[in-house]
Amino acid sequence: MTFSPSRLARTVSVLALMLAVGAIAPALAQDAAPAAPAAEAAPVSPDAVVATVGGEPITEADLSFAAEDLTQELSQMPAEQRKPFLLRVLIDMKVMAKAGKDAGMADTPLFQQRLNYLEERALRRAFFAETIANAVTEETVRAEYDKFVAEFTPADEIRASHILVAEEAEANAIKAELDGGADFATLAKEKSIDPGAANGGDLGFFGKGMMVAPFEAAAFALADVGQVSAPVQSQFGWHIIRLEEKRQSAPPAFEQVAGQLQQQLLMTTFDDTVARLMDGVAIDIPDAALKAAVDAQTETEAGAEAPAQ
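Because the structure is predicted, anything quoted here is derived from the model rather than measured. (Residues numbered from 1 in each chain as written. Predicted model: local features only at pLDDT ≥ 70, side-chain atom pairs only at ≥ 80, totals over all residues. Heavy atoms only, no water.)

Got a minute to help me understand the sheet that holds strand β4 (residues 202–207) in this structure?
One open sheet accounts for four strands, arranged β4-β3-β6-β5; its pairing is antiparallel. The sheet terminates laterally at β4 and β5 (232–234), the two strands that pair on one side only. Across the sheet, the axes of successive neighbouring strands diverge by a mean angle of 45°, strand direction being ignored. In this sheet, strand β6 (residues 237–248) lies alongside β5 in antiparallel orientation, the contact comprising three bridges. The partner of S234 across the bridge, within β6, is G237. Helix-sheet contacts for helix α8 (residues 168–179) involve β3 (156–165) and β6, and the interaxial angle to β6 is about 45°. In this fold helix α10 (residues 213–221) packs onto β3, β4, β5 and β6, with an angle of close to 90° to the strand it touches most, β4. (Pairing = 2+ DSSP bridges. Helix = DSSP H or I, 4+ residues; strand = E, 2+ residues; numbered from the N terminus. Axes fitted to C-alpha atoms, helices over the stretch in contact; angles between N-to-C directions. Contact = heavy atoms within 4.5 Å.)

Quick look at the structure:
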């Protein structure tokens, strides 16, 4: 069978990945924007008992395990209500689990299969957090950023303003006013139908490939700051463009791309680790239709992630 186990495994790893990202993202965020000093909370032992149910303890570790499973529910309630909510869930779990065990439910083959699944899921999460997520540190993300900056190729960028009208005749009349000394920003506010007319038609900086072709060609053809183009047509109407500034693009600041680089490193580390673990492992899918579907899904993912040529 020919398919990439790492890509298939990653498809079903979104939850684990997001948990891992959440575990290390705060460190990067704090670096980007230092928070005001806060009182340091006393460390809590995972073995600390918060309640007993029929003599059975519920610990701080149990609360953290429940929080992993109930992330969505917790996100919808105030912080002060979360711990009581989790404890209530665990109390219910204890009494219902005891009732199920007393009824013999733990002795069925199906329950043992479920137990095996839950054990493997827990081990997989632990392996991901300790082996993969812990490998993506602030230092590795900064190293990736340094590599990105070193490979960054500056490109031409311009800042332009424009006046957009529906008809060519109106565009020609406005161009005549501008040639006669009229103020560009004032005419943009008065006559442009573009949503940016309120700020004098200023479009900010942009590079090639960001605007529709006729507009881009006319804008980048302007050689001197302050130069105004002849009316040019696009699917939006007729534009009159003024060149405001020219510059070379620069790489974004670390804080702007740290999260994206972090996720890319997590994905790469995940793929490489699972590929190494799967090396030499035999996989057999007897159902031909299911095998074909898995192969197709894997090929689609591989194609989507292939680097552009």
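Having seen it, we continue.
What's the story with the packing of helix α6 (residues 109–132) against helix α11 (residues 254–278) in this structure? I'm lost.
Helices that pack against each other are described as a pair by the angle of their axes relative to one another and the distance between those axes. As a packed pair, α6 and α11 sit with axes 11 Å apart at the nearest point and diverge in direction by 115°. By crossing handedness, the relation of α6 to α11 is classed as right-handed. Seen from α6, the contacting residues are R124, F127, F128 and I132; seen from α11, they are L266, T269, F270, T273 and L277. When the residues that make up the contact of α6 with α11 are grouped by side-chain class, the tally is six nonpolar, two polar and one charged. (Left-handed = near helix turned anticlockwise from the far one by under 90°. Nonpolar A, V, L, I, M, F, W, Y, C, P; charged D, E, K, R; others polar.)

Please clarify how the packing of aromatic side chains should be interpreted in this entry.
The description of two aromatic rings rests on the distance between their centres and on the angle between their planes. For the structure on display, the rule yields six aromatic pairs. Their ring planes at 45° and their centres at 5.6 Å tell us that F128 and F270 sit as a pair that is tilted. In this pair, F128 sits in helix α6 while F270 sits in helix α11, placing the two residues 142 residues apart along the sequence. A relative accessible area of 5% places F270 in the buried class. For the pair Y145 and F254, a centre-to-centre distance of 5.5 Å together with 80° between the ring planes defines the contact as edge-to-face. Note that Y145 is positioned in helix α7 (residues 138–151) and F254 in helix α11, a separation of 109 residues in sequence. Neither Y145 nor F254 differs from the other in exposure class; each is buried. (Phe/Tyr/Trp six-rings, centres within 6.5 Å; stacked < 30°, edge-to-face > 60°. Buried < 20%, exposed > 50% of the residue type's maximum accessible area, 1.4 Å probe, protein only.)

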